[in-house]
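Take a look at the letters that make up each chain.
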Amino acid sequence: MQAKFQWRQATPDDLGAILAIQNIAHADFPEDEAVLAERLRLCPKGCFVLVKGDEIDGYLLSHPWTRLRPPPLNRPLGALPPEADCWYLHDLALLPKTRGSGAGTAIVSQLTALATEEGFPAIGLVSVGGSRPFWRKQHFTVVTDPMLAEKLESYGAGAAYMERKLIDT
Ligand SMILES: CC(C)(COP(=O)(O)OP(=O)(O)OC[C@H]1O[C@@H](n2cnc3c(N)ncnc32)[C@H](O)[C@@H]1OP(=O)(O)O)[C@@H](O)C(=O)NCCC(=O)NCCS
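This is a predicted model, so every value here is computed, not measured.

## Some points on the overall build of the protein chain
- Secondary structure assignment for the protein chain yields five helices and seven strands.
- Taken against the 2.2 N^0.38 rule, which gives 15 Å for 169 residues, the C-alpha radius of gyration of the protein chain at 15 Å falls within 12% of a compact globule.
- On the principal axes, the C-alpha backbone points of the protein chain span a range of 45 × 35 × 30 Å.
- Looking at the 169 residues of the protein chain, the share that counts as buried comes to 31%.
- A fraction of 69% describes how many contacts in the protein chain between residues 6 or more apart in sequence connect residues 24 or more apart.

## Here's the deal with the site of the ligand
- R99, G104, T105, P133 and F134 are the nearest of the 21 residues found near the ligand.
- When residues of the shell around the ligand are traced back to their parent elements, those giving at least two are β4 (86-94), α3 (103-117), β5 (122-127) and α4 (132-137).
- Sorting elements by how many residues they give to the shell around the ligand places β4 first, with four residues.
- Split into classes, the residues belonging to the shell around the ligand amount to nine nonpolar, nine polar and three charged.

## So, the sheet that holds β5
- Spatial strand order, β1-β2-β3-β4-β5-β7-β6: seven strands in an open sheet with mixed pairing. Since the sheet does not close on itself, it has two edges, and those belong to β1 (6-9) and β6 (141-142), each with one partner.
- As judged from the two bridges shared by β6 and strand β7 (residues 160-165), these two strands associate in the antiparallel manner. Among the inter-strand pairings, V142 is bridged to a residue of β7, identified as M162.
- In the packing of helix α1 (residues 15-25) onto the sheet, contacts are made with β2 (48-52), β3 (55-65) and β4, and the angle to β3 comes to roughly 90°.

Criteria and cut-off values
Numbering of residues begins from 1 in every chain and follows the order in which that chain's sequence is written. At least 70 in pLDDT is required for a residue's local features to be given in this predicted model, at least 80 for side-chain atom pairs to be given and counted, and no such filter applies to totals for whole chains, interfaces and linings, which use all residues. A run of DSSP states H or I qualifies as a helix once it reaches four residues; a run of E qualifies as a strand once it reaches two. Both are numbered from the N-terminal end. In this description the radius of gyration comes from C-alpha coordinates, and the expected globular size is given by 2.2 Å times residues to the power 0.38. With C-beta atoms placed from the backbone, a residue counts as buried when 20 or more other C-beta atoms lie within 10 Å of its own, as exposed when 12 or fewer do, and as partly exposed for counts between those limits. With C-beta atoms placed from the backbone, a contact is any residue pair whose C-beta atoms sit within 7 Å. All residues are tested the same way: a C-beta atom is placed from the backbone, and lying within 6 Å of a molecule or strand makes the residue near it. Throughout this entry, Asp, Glu, Lys and Arg are counted as charged residues, while Ala, Val, Leu, Ile, Met, Phe, Trp, Tyr, Cys and Pro are counted as nonpolar. The remaining residues, Gly among them, count as polar. DSSP bridges decide pairing: two strands pair if at least two such bridges lie between them. For helices, the fitted axis covers only the stretch in contact; all axes are lines through C-alpha atoms, and the angles between them, taken along N-to-C directions, range from 0 to 180 degrees.

On their own, these measurements won't tell you what the molecule is for.
Pasting the structure below:
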């Protein structure tokens, strides 16, 4: 039986589709094309698109980063930190028609395997838009820390930093 969807590594040619999905999924907090293009350039192996037939219906952007220091939204990173201590899931977004199909869970499992293979002890992310229950199902928990308030400002009300530990620390 043919799979309903397939995740593959993203390429620069996918940028238009990624932007279009972002503008639907994150209409209130869109990021510039240059910001998304930089993520793809800095860490191609952490960037994926969801392919269904001829369409791209979702994306995930991620890269090595520093725990408890989520980068501000819509700003270029400049470079990846040489002493990265976590894998950072910058964004996962699917077109509304594709939600609830298990595609989100599938790519989080794939990313968990990648981050583990790369030797990182945790995956970090900022949950937005009421997605916290989804992340809890993916074994992420909210982490609170005084330094996070300022870091989360650009993500809007309700944003929370969450981590999934990959090894016991
Ligand atoms: C969040 C998102 C990626 C989830 O992807 P998905 O493919 O729909 O998730 P799955 O089908 O793998 O769902 C896994 C489980 O989480 C639940 N779930 C998914 N999104 C949820 C949400 N927003 N609130 C509560 N539960 C949710 C599903 O019902 C399912 O539950 P089950 O295991 O009991 O059946 C998708 O809804 C999305 O793109 N949302 C808009 C963008 C967004 O908010 N991204 C997160 C940015 S931090």
